[in-house]
Amino acid sequence: AHIDTTLLPFSLLLVNDTTVRLKVRVMGPVTGYDRYFTLAVIDSLTTATVGEDYSPLEKQYVISAGERDGYVEFIGFRQEKMLDSTYYVTLQLMENEYFSLPMDIWRPLELTDEVFEPKAWTTNYFGPYSKKKMKLLCEMFGLQMADFDNVTEMDMERQRVYAQGLDKYLKEMDAKGETVYEDRVDKDGNPVKMAVGRLV
């Protein structure tokens with residue numbers, strides 16, 4: 001209720017589209033009849049394209065008689081362009097004959113396919129996080145990015161084993177003169193060698 005932004009990380013969800021159920025709660029007494037509310041997209045704060053990146057909104061949504069809550073089913077679509085950029089949809093509640101808006105609050109949604117540091121990433125094993133390193137681990141061990149977001153399955157022992165395997169691979173590539181670098185440079189402008197953590 002106190003978070004104004006919802007992220008749809010497709011790289012972790014492993015789906016081509018996903019639905020977020022947004023709750024709208026009214027203040028004041030409930031009524032014995034249905035009431036409707038509407039949402040508008042704020043174009044100046046929206047970079048995603050309707051119909052391409054997300055499904056169009058309904059004309060109106062309902063808060064049923066005797067209820068305080070109504071729900072908005074927001075559907076986002078995975079796009080190739082989201083691999084390196086985050087797209088925003090900013091929604092705003094509209095006043096009508098049933099509701100006024102004493103609090104000026106909107107809810108932006110972020111649609112992205114960028115790879116974010118997951119929950120099960122121990123720096124002492126894997127080293128500094130990077131998208132390139134994450135993708136390499138997935139390719140080497142037949143993993144999905146979502147596997148690293150499950151702290152129960154991806155426990156410390158599994159992380160250590162995968163980090164050791166990555167360390168072995170990086171050293172072998174280095175010995176062959178095919179050093180693996182990150183997609184960034186250091187403060188002096190030199191490419192950064194990919195490395196694992198200090199406990200491997």
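Residues numbered from 1 in each chain as written. Predicted model: local features only at pLDDT ≥ 70, side-chain atom pairs only at ≥ 80, totals over all residues. Heavy atoms only, no water.

### Quick look at the confidence of the model for the protein
Per-chain confidence: the protein averages 86 in pLDDT, with 86% of residues scoring 70 or above. Mean pLDDT across the elements of the protein ranges from a minimum in helix α1 (residues 10–13), with 60, to a maximum in strand β4 (residues 61–63), with 96. (pLDDT = per-residue confidence, 0-100. Helix = DSSP H or I, 4+ residues; strand = E, 2+ residues; numbered from the N terminus.)

### Section: the packing of aromatic side chains
Under the definition given, this model contains 10 aromatic pairs. Relative to F126, the ring of W121 lies with its centre 4.7 Å away and its plane at 35°, an arrangement referred to as tilted. Ring geometry for W121 against Y129: centres 5.0 Å apart, planes inclined by 85°, an arrangement best described as edge-to-face. With a relative accessible area of 6%, W121 lands in the buried category. By way of ring pairs, the aromatic residues Y33, Y36, Y98 and F99 are connected into one cluster. Its end group placed over the ring of Y71, R21 keeps NZ or CZ at 3.8 Å from the ring centre. (Phe/Tyr/Trp six-rings, centres within 6.5 Å; stacked < 30°, edge-to-face > 60°. Buried < 20%, exposed > 50% of the residue type's maximum accessible area, 1.4 Å probe, protein only. Lys NZ or Arg CZ within 6 Å of the ring centre and 35° of its normal.)

### A look at the environment of M173
Looking at where M173 falls in the secondary structure, it is placed in helix α4 (residues 156–175). Residue classification places M173 among the buried residues on the basis of a relative accessible area of 12%. In this view, M173 contacts E178, T179 and V180; residues no more than four positions away in its chain are not counted. (Contact = heavy atoms within 4.5 Å.)

### Considerations on helix α3 (residues 131–141)
Within the span of α3, buried status applies to K133, M134, L136, L137 and C138. Looking at the buried residues of α3, the elements they touch are α2 (123–126), α4 and β8 (181–185). In the stretch just after α3, G142 is the one whose phi turns positive, near 65°.

### With respect to the nonpolar core
Counting 20 residues, the largest nonpolar core has F126, L137, F148 and L170 as the members making the most contacts within it. If one sorts the elements of this core by residue count, α4 sits on top with five residues. Those residues within four positions of L170 in sequence are excluded, and the remaining contacts are L136, V180, M194, A195 and V196. Formed by 17 residues, the second largest nonpolar core is a distinct cluster that contains A48, Y61, V89 and L91. (Core = buried A, V, L, I, M, F, W, Y, C linked by side-chain atoms within 4.5 Å.)

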